[in-house]
Amino acid sequence: MNGKRVNRRQFVSVSVAAAGSAALCCAPAIAQGGAHVVVIGGGFAGASCARQLKRLDRKIQVTLVETNPTFIACPFSNAVIAGFRELSAQRFTYEKVAADGIALAAARATAVEPGARIISLADGQRLSYDRLILAPGIDIRWDALPGYGEAAAEQMPHAWKAGEQTLLLRRQLETMEDGGLVVISAPANPFRCPPGPYERASLIAHYLKARKPRSKLIILDAKDVFSKQRLFQSAWKELYPGILEWVPLSSGGNVTSVDPNTNTLVTDFEKYRANVANVIPPQRAGGIAERAGVADVSGWCPIDPVTFESRLQANVHVIGDAAIAGAMPKSAFGANAQAKTCAMAVVKLLRGETPLSPKLINTCYSLVAPDYGISIAGVYHAVDGQLTEVPGSGGVSPSDAPRSTRSAEANLAEDWFRTTTAEVFG
Amino acid sequence: MACSGCHPVGSGVETSVPRLAGRKAEEIVAQMRAFRSGQRSATVMDRIAKGYSDAEVETIAEWYEAQR
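Residues numbered from 1 in each chain as written. Chains lettered and ligands numbered in written order. Predicted model: local features only at pLDDT ≥ 70, side-chain atom pairs only at ≥ 80, totals over all residues. Heavy atoms only, no water.

### A few points about the side chain of Asp-321 of chain A
And then number 1: In this fold, Asp-321 of chain A is placed in the loop between β20 (316-318) and β21 (323-324).
And then number 2: Residues contacting Asp-321 of chain A, with those up to four places away along its chain left out, are Gly-137, Ile-138, Arg-192, Trp-300, Lys-330 and Ser-331 of chain A. (Helix = DSSP H or I, 4+ residues; strand = E, 2+ residues; numbered from the N terminus. Contact = heavy atoms within 4.5 Å.)

This is the structure we're talking about:
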């Protein structure tokens with residue numbers, strides 16, 4: 001074990017390797033005294049984990065592999081779609097991450113060899129690691145819905161990764177005539193941001209009510225229950241009667257195919273020809289997870305709930321949306337909490353110490369209108385190898401809360417966004 | 001430290017969420033107890049406080065007190 005450690009430290013710094021060849025060359029001097037941790041994916045999980053590792057131990061060499069020079073945050077992107085926020089408010093750079101002494105590698109990770117502890121990047125670099133942390137987020141399962149694919153998404157946007165897709169859906173809503181039909185299809189569990197489709201539907205309904213009041217929105221759902229359901233439904237009744245309709249699985253809401261040429265969504269019972277169609281398709285862990293051998297048949301990654309180490313590959317940890325985190329939902333708050341927990345565990349493991357069994361929090365706000373927020377919160381701990389909600393904790397906003405509470409929670413949603421993005425990127 | 005998702009450790013963030021960094025540990029402990037018992041009303045902290053034992057709350061409070 002110790003004999004091998006020297007080898008593992010023979011990693012290549014990004015700047016050195018960029019000028020070098022595709023072969024794994026050695027620059028052990030750079031690594032002196034510090035283990036090398038590679039983090040793949042620079043979102044709420046990955047960027048947070050990289051910084052936390054550095055904060056906990058300056059001697060650890062950290063490389064963050066991320067292809068995008070700017071991060072575009074998903075939380076609040078539904079407000080961009082509904083026209084009351086700009087995408088620029090969602091953009092964050094990695095300048096402060098780099099200023100912490102984290103090496104940035106701006107190339108796609110193409111392969112992981114868990115046995116040899118080496119990853120390959122698309123630009124030919126090879127990096128060796130002591131511990132690898134995968135935070136790749138989600139990929140769309142392009143094969144899961146007949147008729148849907150990358151080309152179809154240009155006509156029927158998913159907008160489930162923030163960026164051009166977000167703006168495309170917004171433009172489609174803006175150019176739609178009054179009296180049009182908007183259809184959102186929501187997938188079966190699990191998927192990124194469980195309350196997200198319903199927040200989106202709410203905010204689009206808010207836009208329609210104000211700007212195109214003869215229009216209608218239908219959610220076709222592959223489920224009969226969803227996150228914060230009672231709160232959403234009672235708010236819809238109050239705010240958007242006659243505008244927003246939810247069709248659950250048991251009423252024929254499951255979309256079985258789509259036709260981008262006619263903007264049609266097909267269920268077992270009906271065909272919905274939409275003016276604007278937002279297809280939120282089934283998802284899986286980001287592609288590198290499968291290539292690294294840490295995704296199971298479900299497409300997601302089983303992990304140890306204390307260390308977030310993969311159950312399938314040693315020395316590889318998975319955090320954020322890609323992980324199967326038991327009762328924890330796939331949320332940015334949860335991803336950030338997991339990142340900090342994982343960083344603490346990895347530091348302990350590198351020192352040969354035993355990681356502490358963590359408690360994690362999730363708090364997710366959803367907007368039903370710009371000044372109407374609702375939340376779900378939970379506290380989680382590891383029980384019998386699973387992240388489980390602590391009994392008696394957590395839950396959703398009270399159903400009988402006054403409008404002042406709803407508006408306070410809308411403000412708290414923004415406070416959370418500012419604080420968390422400052423912690424991760426600021 | 002999951003708490004810092006809302007309660008910033010640094011000082012540069014504008015938020016209505018109470019700052020805990022540098023606060024006396026005993027104050028934080030007292031507030032968490034009040035949230036847990038329902039003595040102090042809250043939007044989410046009542047739901048979160050119920051997930052922590054006294055010992056855990058003390059550890060968190062001491063950590064925040066030690067932050068600048």
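Resuming the write-up.
### Focus: a negative patch on the surface
Residue and element names in this part refer to chain B.
And then number 1: Where like charges cluster on the molecular surface, the negative patch consists of Glu-26, Glu-58, Glu-62 and Glu-65.
And then number 2: Looking at the negative patch element by element, the count peaks at three residues for helix α3 (residues 54-66).
And then number 3: Inspection of the secondary structure puts Glu-62 in helix α3. (Patch = residues over 30% accessible without salt bridge, like charges linked within 9 Å, V, L, I, M, F, W, Y side chains within 5 Å. Areas by Shrake-Rupley, 256 points an atom, 1.4 Å probe, with all protein chains shown as cover. Salt bridge = Lys/Arg side-chain N within 4 Å of Asp/Glu carboxyl O. Lys, Arg positive; Asp, Glu negative; His and termini not counted. Charge placed at Lys NZ, Arg CZ, Asp CG, Glu CD.)

### Some points on the interface of chain B and chain A
And then number 1: Across the boundary between the two partners, chain B contributes 22 residues, which contact 32 residues of chain A.
And then number 2: Contact between chain B and chain A buries roughly 2,000 Å² in total, counting both sides, with carbon and sulfur atoms accounting for 59%.
And then number 3: Between chain B and chain A we count two salt bridges in total.
And then number 4: Note that Lys-359 of chain A is salt-bridged to Glu-56 of chain B, the shortest N-O span being 2.6 Å.
And then number 5: The interface formed by chain B and chain A holds ten residue pairs in polar contact (both at pLDDT 80 or more) in total.
And then number 6: A class-by-class count of the residues in the side of chain B that touches chain A yields ten nonpolar, eight polar and four charged. (Buried area = accessible area lost by both parts, 1.4 Å probe. Polar contact = N/O pair within 3.5 Å; in protein donor to acceptor, adjacent residues only side chain to side chain. Nonpolar A, V, L, I, M, F, W, Y, C, P; charged D, E, K, R; others polar.)

### Regarding the sheet that holds strand β16 (residues 271-273) of chain A
All names here are of chain A.
And then number 1: The antiparallel open sheet is built from three strands, whose spatial order is β14-β15-β16. Looking at the sheet topology across the chains shown, the edges are occupied by β14 (255-259) and β16. Ignoring strand direction, the axes of neighbouring strands in this sheet form an average angle of 20°. (Pairing = 2+ DSSP bridges. Axes fitted to C-alpha atoms, helices over the stretch in contact; angles between N-to-C directions.)

### Re the packing of aromatic side chains
Residue and element names in this part refer to chain A.
And then number 1: Enumeration according to the criterion identifies 18 aromatic pairs over all chains in this entry.
And then number 2: Ring geometry for Phe-92 versus Phe-425: centroids 5.4 Å apart, planes at 20°, classification stacked. Taken together, the residues span a long stretch of sequence, with Phe-92 in strand β4 (residues 91-93) and Phe-425 in helix α11 (residues 403-425) at a distance of 333 residues. Note on accessibility: Phe-92 and Phe-425 belong to one class, buried.
And then number 3: Ring centres of Phe-232 and Trp-236 lie 5.8 Å apart, and the angle between their planes is 40°; on these two criteria the pair is classed as tilted. In this pair, Phe-232 and Trp-236 both sit in helix α8 (residues 229-239), four residues apart, roughly one turn of the helix. Trp-236 shares its class with Phe-232; the two are buried. (Phe/Tyr/Trp six-rings, centres within 6.5 Å; stacked < 30°, edge-to-face > 60°. Buried < 20%, exposed > 50% of the residue type's maximum accessible area, 1.4 Å probe, protein only.)

### As for the sheet that holds strand β6 (residues 109-113) of chain A
Strand pairing within a sheet occurs via backbone hydrogen bonds; the two strands may be parallel or antiparallel.
Residue and element names in this part refer to chain A.
And then number 1: As summarised here, the arrangement of the three strands in space is β6-β7-β8, forming an open sheet in which the pairing is antiparallel. Two strands in the sheet have a free side with no partner beyond their single neighbour: β6 and β8 (126-128). Each adjacent strand pair in this sheet contributes to an overall mean axis angle of 20°, direction not counted.
And then number 2: Where β6 meets strand β7 (residues 118-121), four bridges bridge the pair, whose relative direction is antiparallel. Bridge pairing links Val-112 to Ile-119 in β7.

### Digging into the pattern of salt bridges
Residue and element names in this part refer to chain A.
And then number 1: Counted according to the given criterion, the structure contains 22 salt bridges over all chains.
And then number 2: In this structure, Glu-238 engages Arg-403 in a salt bridge whose closest nitrogen and oxygen atoms are separated by 3.2 Å. With a gap of 165 residues between them, Glu-238 in helix α8 and Arg-403 in helix α11 connect regions that are remote in the sequence.
And then number 3: Residue classification places Glu-238 among the partly exposed positions, given a relative accessible area of 47%.
And then number 4: Salt bridges sharing partners connect three or more residues here, namely Glu-86, Arg-170 and Glu-174.

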